[in-house]
Amino acid sequence: MSREEEILDGLYENTLNGMAPPVVELTKEGIALNMDPMVLLFDALIPALEEVGRLFEIGEYFVPEMLIAAKAMSGAMEILQPLIAESGAEPLGTFLMGTVKGDIHDIGKNLCNVMLEGAGFKVIDIGVNVAPETFVEAIKEHKPDAVGMSAFLTTTMPMFITNIEAIEEAGLRDQVKILVGGAPVTQEYCDTVGADGFAPDANSCVRLTKQLLGIPA
Ligand code: B12
């Protein structure tokens, strides 16, 4: 097995087991060996987190295991983010992103942010557990072209409706395109809440944003 393959295996195993220090070390080593940050992300880190989700679902992992795995992944993301987001050109537009109220899942949102920045958007991240009035205030302040709302729980997905209503009431609905996403979200659900679009992953989030804003692919 090559050192690159060992690094991918090590990243997968250590993320799965929530071992943050080796995840950081292996990420740094991979970068030093000129491995593509996207390969580290999509071939090791994300699959590990998917497996964490599966183990949680079947009752082999509990919240603490999920949490330390997520922390381990975040350590790698801090290193990878600036490498993926390098762009420097005039921004294509401004994207405001937040996780809805009641929900603290932020890895999927952060990944979208990294890819949007990498594609040339200015991203304003208003964090997790974002109340409808905070979305409204942030739209007034930053005047984004697009607003993304992330939800990872079936119990917090209905916040999309509450947020969109608040944005409508503030008279801002026609000034922004609204995208929704997160593990349990579907196109069907997107249509029922009146958002402009849904994307299942970070790459398609970029594609959809460009499409909605009329930017050539
Ligand atoms: C890590 C994790 C946690 C961590 C979160 C840490 C963090 N900083 O984010 C912690 C431990 C805190 C956590 C807590 C909980 N979690 Co949790 N968690 C997960 C887990 C394992 C991974 C989520 C993740 O980050 N995945 C990685 C990313 C990359 O996922 P992704 O979906 O591929 O992301 C892409 C798309 O969703 C999309 N996207 C995301 N956002 C957006 C936004 C826009 C605008 C667009 C266009 C696209 C988009 O692009 C992303 C990038 O490609 C999932 C399992 C799963 N299958 O999702 C459970 C999961 C989401 N959690 C779950 C649950 C139940 C909980 C808790 C309620 C557990 C508890 N009893 O306390 C709490 C709730 C806390 C809260 N109030 O939010 C359930 C949800 C079930 C449901 N259907 O409602 C899941 C599905 C696990 C399961 N199988 O049961 N969790």
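What counts, and where the lines are drawn
- Residues numbered from 1 in each chain as written.
- Predicted model: local features only at pLDDT ≥ 70, side-chain atom pairs only at ≥ 80, totals over all residues.
- Heavy atoms only, no water.
- Donors = N, O, S within 2.8 Å, 3.2 Å for Na, K, Ca; no water.
- Helix = DSSP H or I, 4+ residues; strand = E, 2+ residues; numbered from the N terminus.
- Contact = heavy atoms within 4.5 Å.
- Expected span 1.5 Å × (residues − 1).
- Buried < 20%, exposed > 50% of the residue type's maximum accessible area, 1.4 Å probe, protein only.
- Arc of directions from axis to C-beta.
- Core = buried A, V, L, I, M, F, W, Y, C linked by side-chain atoms within 4.5 Å.
- Domains from an automatic or database assignment.
- Buried area = accessible area lost by both parts, 1.4 Å probe.
- Salt bridge = Lys/Arg side-chain N within 4 Å of Asp/Glu carboxyl O.
- Polar contact = N/O pair within 3.5 Å; in protein donor to acceptor, adjacent residues only side chain to side chain.
- Nonpolar A, V, L, I, M, F, W, Y, C, P; charged D, E, K, R; others polar.

Structural notes on the coordination of the cobalt atom of the ligand
Thinking step 1. A lone protein donor binds the cobalt atom of the ligand: His 105 (NE2), at 2.3 Å.
Thinking step 2. Relative to the elements of secondary structure, His 105 occurs in the loop between β1 (94–99) and α5 (107–118).

Section: the environment of Val 24
Thinking step 1. Following the sequence through the fold, Val 24 ends up in helix α2 (residues 20–32).
Thinking step 2. The spatial distance from the C-alpha of Val 24 to the C-alpha of Gln 187 is 35 Å, given a sequence separation of 163 residues.
Thinking step 3. Apart from the residues within four sequence positions on either side, Val 24 is in contact with Gly 75 and Ile 79.

Considerations on α2
In an α-helix, one turn spans 3.6 residues, which is why side chains three or four residues apart end up on the same side.
Thinking step 1. The end-to-end C-alpha separation of α2 is 18 Å, in line with the 18 Å expected for 13 residues at 1.5 Å each.
Thinking step 2. Turning to α2, its buried residues are Val 23, Leu 26, Thr 27 and Gly 30. All buried residues of α2 project into a common sector of 105 degrees when viewed along the axis, lining one side. The exposed set on the far side of α2, more than 90 degrees from its buried face, consists of Pro 21 and Ala 32.
Thinking step 3. Remark: Asn 34 follows α2 within two positions and exhibits a positive phi of approximately 70 degrees.

Quick word on the nonpolar core
Thinking step 1. In this structure, Leu 11, Leu 41, Leu 45 and Phe 95 are the most contacted members of the largest nonpolar core, which totals 36 residues.
Thinking step 2. At the level of elements, α1 (3–16), α2, α3 (37–57), α4 (63–85), β1, α5 and α9 (202–212) are the ones that each hand at least two residues to this core.
Thinking step 3. Ignoring any residue separated from it by four or fewer positions in sequence, one finds Leu 11 in contact with Val 23, Leu 26, Thr 27, Leu 40, Ala 44 and Leu 45.

So, the domain arrangement of the chain
By a frequent convention, interface size equals the accessible area lost on bringing the separate parts together.
Thinking step 1. By the assigned domains, the chain splits into domain 1 (3–85) and domain 2 (94–212).
Thinking step 2. Each of domain 1 and domain 2 was reduced to a C-alpha centroid, and the two centroids are 25 Å apart.
Thinking step 3. Between domain 1 and domain 2, the contact holds 11 residues from the first and eight residues from the second.
Thinking step 4. Together, the buried faces of domain 1 and domain 2 total about 830 Å²; carbon and sulfur atoms form 81% of this surface.
Thinking step 5. In this assembly, domain 1 and domain 2 are joined by zero salt bridges.
Thinking step 6. Remark: the boundary between domain 1 and domain 2 carries zero residue pairs in polar contact (both at pLDDT 80 or more).
Thinking step 7. The set of elements that each furnish at least two residues to the side of domain 1 that touches domain 2 consists of α3 and α4.
Thinking step 8. Sorting elements by how many residues they give to the side of domain 1 that touches domain 2 places α4 first, with six residues.
Thinking step 9. In terms of residue class, the side of domain 1 that touches domain 2 is built from 10 nonpolar, one polar and no charged.

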